[in-house]
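# Inside the fold
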Amino acid sequence: MQRIITIERFIIEREHEIPGATGEFSKLLTDLALASKIVWREVSKAGLVDIIGSTGKVNISGDVVQKLDEFANEIFINVMQKGGHLCVMASEESKGLIEIPDELAKGKYVLVFDPLDGSSNIDVNVSIGSIFGIFRRVTTSGKGTERDILQPGRNLVAAGYIVYGSSTIFVYTTGNGVHGFTLDPSIGEFLLSHENIRIPKKGDIYSVNEGYYERWDENMKRFINYLKAEDKATGRPYKLRYVGTLVADFHRTLLYGGIFMYPGDKKNPEGKLRLLYEAAPLAYVVEKAGGRASDGFRNILDIEPTSLHQRTPLFIGSEEDVKLAEKFIQGKAED
Ligand code: P6P
């Protein structure tokens, strides 16, 4: 019988691998697992209680806020601020910095997160998810500031995501391998199910919203046409898979290989996805699994954020597929 390891046990056993880590870092990760279990509980019964449907409000991204969005945001803030490990947070659902209340202890870490990604899919029972990234603070004491938040993904010390789907899985890395834990609802525990995930160097699946084809520039169109062309020697045509929830499309890409894309276009030159709490944490995960993430020209992890909610084009997945996308996007590829 395979050894049953809970995420808490796994984190403690691996604590020694993180340079300078104290128990504080492990507790931060286990708090995230707790927060995601509470979100899962509401997401899994969303169809049963009057939590479905929109609040009618609009968040900073201009998306209509679903009640579950607000609930998830409040849960992550509530659970994470009490742990005493953070000096400041930032969330897709919160316009500005999320300060730690004066009466609560502050720590040396910073949390950036998207509490519920894919909220437009909530009402049709399609997988949704949460994304998080953890930095060490750069200021020395007191309340955290924007300087602590606006760090490039290269500075992350941990990142991960949760997919609330046919099963619920918590995937994270602290730089030493990428590990997945599947929730056993009967005991309310995340159990190790995917140790040391490695993304294939090349895949045969592409994931993009082709509905925007006419908005793309010629290089992007050429790349998609290249992937769809018949050529056995290079494993083409690729298959198209697109859920419409970043976390679900990314998780499939991480396990099966291939490439997920949300490019800029004529209407949205920077695309739709957010750098700080969507692209950068997933870029950190994919790189630790042997993959690559780019905005078409630069590694996502090297981009210095200048504002909390700034967007970035995103090409993420198997190293060979992302590098080929970059060649097309930069106009350097032969068809
Ligand atoms: P489109 C969900 O609303 C989201 O923010 C991401 O999870 C997803 O990848 C993207 O938007 C889908 O956007 O324009 O294809 O509907």
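You'll find the protein entered in an unreviewed UniProt entry as Fructose-1,6-bisphosphatase class 1, with Candidatus Thermokryptus mobilis given as the organism. The UniProt entry for the protein carries the following comment under Subcellular location (unreviewed entry): "Cytoplasm". On record in UniProt, under Catalytic activity (unreviewed entry), the comment for the protein is "beta-D-fructose 1,6-bisphosphate + H2O = beta-D-fructose 6-phosphate + phosphate".

A word on the environment of Gly133. Within the secondary structure, Gly133 sits in strand β6 (residues 128-136). Spatially, the C-alpha atom of Gly133 lies 4.2 Å from that of Ala159, the residues being 26 residues apart in sequence. Setting aside residues up to four positions removed in sequence, Gly133 forms contacts with Val110, Leu111, Val112, Leu156, Ala158, Ala159 and Pro281.

Strand pairing in a sheet takes place through backbone hydrogen bonds and is either antiparallel or parallel in direction. Taken in spatial order, the 5 strands make up an open sheet running β12-β11-β13-β15-β14, and their pairing is mixed. A strand with exactly one partner marks an edge of an open sheet, and here the two such strands are β12 (239-240) and β14 (292-294). Where strand β11 (residues 205-207) meets strand β13 (residues 259-262), 2 bridges bridge the pair, whose relative direction is parallel. Bridge pairing links Tyr206 to Ile259 in β13. Along the sheet face, helix α7 (residues 275-288) touches β14 and β15 (314-317) and points at about 25° away from the line of β15.

Another point: the sheet that holds β6. The 8 strands are arranged β4-β3-β5-β6-β7-β8-β9-β10 in an open sheet whose pairing can be described as mixed. Strands at the two margins of the open sheet, each flanked by one partner only, are β4 (98-99) and β10 (189-194). Pairing between strand β5 (residues 109-117) and β6: 7 bridges, direction antiparallel. Following the sheet pairing, Asp114 is matched in β6 by Ile131.

The next thing to look at is the packing of helix α2 (residues 23-44) against helix α3 (residues 67-82). Their axes nearest at 9 Å, the elements α2 and α3 cross at an angle of 155°. The angle between α2 and α3 places the two elements in the roughly antiparallel class. α3 is crossed by α2, and the crossing has right-handed handedness. Counted together, Leu28, Asp31, Leu32, Leu34, Ala35, Ser36, Ile38, Val39, Glu42 and Val43 of α2 and Leu68, Phe71, Ala72, Ile75, Phe76, Val79 and Met80 of α3 form the full contact between these two elements. Of the residues assigned to the contact of α2 with α3, the class counts are 14 nonpolar, 1 polar and 2 charged.

Before going further, it helps to examine unusual backbone geometry. Cis geometry is found at the peptide bond from Arg236 to Pro237, where omega equals 5°. With respect to the element layout, Pro237 can be found in the loop between α5 (218-228) and β12. A positive phi is found at Asn125, a non-glycine position, where the angle reads about 60°. Looking at the secondary structure, you find Asn125 in the loop between β5 and β6. For Asn125, a relative accessible area of 74% translates into the label exposed.

Moving on, we get to the domain arrangement of the protein. Parsing the protein into structural domains produces domain 1 (7-194) and domain 2 (205-329). Just the C-alpha atoms count here: the centres of domain 1 and domain 2 sit 23 Å apart. Listed as interface residues are 46 residues of domain 1 and, on the opposing side, 33 residues of domain 2. Summing both sides of the interface, domain 1 and domain 2 together bury roughly 2900 Å²; the carbon and sulfur share of this comes to 66%. Among the residues of domain 1 in contact with domain 2, Leu150, Arg154 and Tyr161 are the three that bury the most area, contributing 22% of the side total. Between the two partners, domain 1 and domain 2, sit 2 salt bridges. Inspection of the domain 1/domain 2 interface yields 12 residue pairs in polar contact (both at pLDDT 80 or more). Where the side of domain 1 that touches domain 2 is concerned, the elements lending two or more residues are β3 (86-91), β5, β6, α4 (146-149), β7 (158-164) and β8 (168-173). For the side of domain 1 that touches domain 2, the class distribution of residues is 22 nonpolar, 18 polar and 6 charged.

Conventions we followed
Residues numbered from 1 in each chain as written. Predicted model: local features only at pLDDT ≥ 70, side-chain atom pairs only at ≥ 80, totals over all residues. Heavy atoms only, no water. UniProt positions renumbered as here; feature names shortened; annotations may be inferred. Helix = DSSP H or I, 4+ residues; strand = E, 2+ residues; numbered from the N terminus. Contact = heavy atoms within 4.5 Å. Pairing = 2+ DSSP bridges. Axes fitted to C-alpha atoms, helices over the stretch in contact; angles between N-to-C directions. Parallel < 35°, antiparallel > 145°, perpendicular 65-115°, else oblique. Left-handed = near helix turned anticlockwise from the far one by under 90°. Nonpolar A, V, L, I, M, F, W, Y, C, P; charged D, E, K, R; others polar. Buried < 20%, exposed > 50% of the residue type's maximum accessible area, 1.4 Å probe, protein only. Domains from an automatic or database assignment. Buried area = accessible area lost by both parts, 1.4 Å probe. Salt bridge = Lys/Arg side-chain N within 4 Å of Asp/Glu carboxyl O. Polar contact = N/O pair within 3.5 Å; in protein donor to acceptor, adjacent residues only side chain to side chain.

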